[in-house]
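Inside the fold
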Amino acid sequence: MNGYPAPTTTKPPQISEMFQKVALAFKTKTFEFFADDDNNNHLSDSDGFSLLDSTEDFITDQKVVVIKPDLPPNSYSSINNSFPNRTIDTQIADSLISSVFAAVSSFEASYLQLQTSHVPFVEESVKAADRALVSHLQRLSDLKRFYRVFQKNPNFEAELSLGSCLEAQVQENQSKLRTLETVSNRLQEEIDEKDNEVSTLRKKLAEIQWANTKLSKKLSGNLNSACDVLLTLRVFYSVLHDACRATHKFSKILIDLMRKAGWDLDLVANSVYPDIDYAKKGHNIFAFFSYVCLGMFRGFDFEGFGLSENEPLCNGNKGTCSLKQLLEHVSSNPMELLSRNQNSEYSRFCEKKYQELIHLTMESSIFSKLDQNEVVLNSWRSLSIFYESFVSMASSIWTLHKLAFSFDPVVEIFQVERGVDFSRVYMEDVTKRYNLPGQTRVKVGFTVVPGFKIGRTVIQSQVYLSGLKCTG
């Protein structure tokens with residue numbers, strides 16, 4: 001048709017013939033192309049390959065199903081026998097590992113108990129913990145020996161009892177709980193000890209506060225008893241001595257700062273008191289002592305220390321008011337008073353005295369020329385030692401002032417002018433190293449520390465004498 005030759009048709013196989021060939025295949029012995037053993041691969045012609053050589057018509061477009069033969073009965077038994085050995089080995093390994101962890105946890109708990117038994121030391125507890133440690137170490141050694149023998153001979157009969165994994169895990173958890181219990185008990189003991197210390201300190205604090213309250217009420221309610229104790233010559237002289245010592249300390253710090261800043265101390269001393277014939281080199285430091293001391297005592301004879309004209313007045317007796325201020329001041333830290341209230345009389349007193357002693361030009365000259373490594377800023381509050389010494393000096397003089405105005409009559413202050421003849425009644429040589437010739441009249445160079453009069457009692461003024469030579 002259309003010029004092409006007519007295709008030749010083959011007779012399709014009948015269905016009955018297909019069933020016959022399939023039946024023939026099942027009747028023959030099954031075979032396997034991929035056998036495990038080469039000896040089983042040799043099949044006879046009548047076992048299946050005869051199908052290929054059949055004279056019958058070959059079935060085209062058909063799939064051949066190859067059925068793998070069943071395993072021999074002996075092969076199943078060999079495979080099943082290998083699984084029990086593997087299961088036994090896994091169980092032993094799991095039990096061994098669990099036993100090792102349990103032994104280590106027990107050792108850790110016993111070691112912690114041994115440490116706890118030392119503080120405080122309890123002999124029986126230490127011995128018991130030591131025995132437990134030895135037993136746990138022995139257990140670990142036995143497990144190690146068992147593992148080595150088991151590796152060489154898995155079928156040996158071991159005398160060591162491992163137990164199950166669950167038993168070992170229970171023992172491990174019990175050891176961990178014992179460790180936590182030991183730590184908890186130790187921490188609880190420390191907490192109890194701290195609680196006892198806190199209770200003791202609170203009790204002491206309450207006692208101190210009660211005593212302070214009692215003393216405060218006693219002093220505030222009965223100033224007459226305070227007057228009997230404080231308003232004595234001995235107390236005044238002691239407070240004056242503390243004030244002079246604080247003044248000398250501050251003066252030495254000021255001199256040291258001037259020296260570091262490159263100041264000529266001789267020139268500075270001569271500017272304070274010119275043309276003084278010092279008896280010994282180095283005595284010019286008394287000029288600095290005098291400058292600081294007299295500057296701090298300036299205005300001492302005024303009730304308000306000359307701070308301002310609008311200062312608050314005390315209600316009642318002046319001596320009683322000054323005594324109350326004295327008690328309030330000595331009962332507090334002067335550093336805390338400045339930080340607590342910068343507008344108080346004491347704070348304004350410190351500010352005014354500092355400005356009088358260390359004026360702006362002097363301050364900038366001293367502090368700006370210091371080494372940059374030193375902690376010095378633009379304020380007198382910056383240098384801690386300098387600041388603290390000044391506050392201590394100001395506090396002691398403020399206390400002396402309030403004590404002086406608590407007396408009745410008020411304590412008087414005086415100083416000796418330059419060129420006045422020396423008098424042993426009102427003056428004292430500040431150097432205390434000179435012998436006065438009997439007929440030589442010695443003149444006063446300058447006053448270092450002012451003198452005081454308490455009623456008819458005179459506390460001598462310390463002066464530096466000019467025109468004398470040092471004899472010792």
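In case you missed it, the structure is sitting above this.
Predicted, not measured: the structure shown is a model, and the values here were computed from it. (Residues numbered from 1 in each chain as written. Predicted model: local features only at pLDDT ≥ 70, side-chain atom pairs only at ≥ 80, totals over all residues. Heavy atoms only, no water.)

In this section: the overall build of the protein. When helices and strands are tallied, the protein shows 14 helices and 6 strands. Long-range pairs, those at least 24 residues apart, make up 71% of the contacts in the protein between residues at least 6 apart in sequence. Accessible surface, the protein: about 32300 Å² in total, of which carbon and sulfur atoms supply 54%. (Helix = DSSP H or I, 4+ residues; strand = E, 2+ residues; numbered from the N terminus. Contact = heavy atoms within 4.5 Å. Areas by Shrake-Rupley, 256 points an atom, 1.4 Å probe, with all protein chains shown as cover.)

Attention shifts here to the sheet that holds strand S3 (residues 443-449). The strand order S2-S6-S3 describes an open sheet built from 3 strands, whose pairing is mixed. The two strands at the open ends of the sheet, each matched to only one other strand, are strand S2 (427-429) and S3. Mean inter-strand twist for the sheet, computed between neighbouring axes without regard to direction, equals 45°. One ladder, built from 3 bridges, connects S2 with strand S6 (residues 461-466); its direction is parallel. Pairing of Glu428 across the sheet is with Gln462, part of S6. Of the strands in this sheet, S3 and S6 touch helix H9 (residues 285-297), which is tilted by about 55° from S3. (Pairing = 2+ DSSP bridges. Axes fitted to C-alpha atoms, helices over the stretch in contact; angles between N-to-C directions.)

The subject of this paragraph is helix H8 (residues 265-272). Among all positions of H8, only Leu265, Val268 and Ala269 are buried. Mapping the buried residues of H8 onto a view down its axis gives an arc of 100°, with all of them on the same face. Turned more than 90 degrees from where H8 packs its buried face, Asp266, Leu267 and Ser271 sit exposed. Against the buried residues of H8 lie helix H7 (233-260) and H9. The residue sitting at the N-terminus of H8 and contributing the capping side-chain oxygen is Asp264; that oxygen lies 3.3 Å from the backbone nitrogen of Asp266. (Buried < 20%, exposed > 50% of the residue type's maximum accessible area, 1.4 Å probe, protein only. Arc of directions from axis to C-beta. Polar contact = N/O pair within 3.5 Å; in protein donor to acceptor, adjacent residues only side chain to side chain.)

In terms of burial, S3 is a largely internal element, 6 of the 7 residues being buried. Two strands pair when backbone bridges link them, and S3 and S6 are joined in this way by 5 bridges, in the antiparallel orientation. Residue pairing for S6: Val444 is matched across the bridge by Leu465.

Here we take up the sheet that holds strand S1 (residues 412-414). Read across the open sheet, the 3 strands follow the order S1-S4-S5; overall the sheet is antiparallel. At either margin of the open sheet sits one strand with a lone partner, and together these are S1 and strand S5 (457-459). Each adjacent strand pair in this sheet contributes to an overall mean axis angle of 20°, direction not counted. Inspection of the sheet shows strand S4 (residues 451-454) paired to S5 by 3 bridges, in the antiparallel sense. Counterpart to Lys453 in the pairing with S5 is Val458.

Side chains that carry opposite charge are capable of pairing whenever their charged atoms lie near each other. Applying the stated criterion across every chain, the model contains 11 salt bridges. In this structure, Glu189 and Arg186 form a salt bridge, with 3.7 Å as the shortest nitrogen-oxygen distance. Placement of the pair is Glu189 and Arg186 together in helix H5 (residues 165-221), with a separation of 3 residues, close to one helical turn. In this structure Glu189 comes out as partly exposed when scored by relative accessible area, which is 44%. For Asp242, the salt bridge identified is with Arg245, shortest N-O distance 3.1 Å. One end of the pair is Asp242 and the other is Arg245, both in helix H7 and 3 residues apart, which spans about a single turn. By relative accessible area, Arg245 is classed as exposed at 54%. The network of salt bridges with common partners includes Asp256, Arg259 and Lys260. (Salt bridge = Lys/Arg side-chain N within 4 Å of Asp/Glu carboxyl O.)

Turning our attention to the packing of aromatic side chains. Counted under the stated rule, the structure contains 21 aromatic pairs. Their ring planes at 10° and their centres at 4.3 Å tell us that Tyr273 and Phe446 sit as a pair that is stacked. On the criterion of sequence distance, the pair formed by Tyr273 in the loop between H8 and H9 and Phe446 in strand S3 is long-range, its members being 173 residues apart. What makes Tyr273 buried here is its relative accessible area of 17%. Grouping aromatic residues by their ring pairs yields a cluster made of Phe236, Phe297, Phe300, Phe305, Tyr346, Phe349, Trp398, Phe407 and Phe452. (Phe/Tyr/Trp six-rings, centres within 6.5 Å; stacked < 30°, edge-to-face > 60°.)

A separate point is the environment of Gly419. Along the chain, Gly419 falls in the loop between S1 and S2. Once the C-alpha coordinates of Gly419 and Val442 are considered, the two residues, 23 residues apart in sequence, prove to be 8.7 Å apart. Beyond its immediate stretch of four places on either side in the chain, Gly419 contacts Lys443 and Val444.

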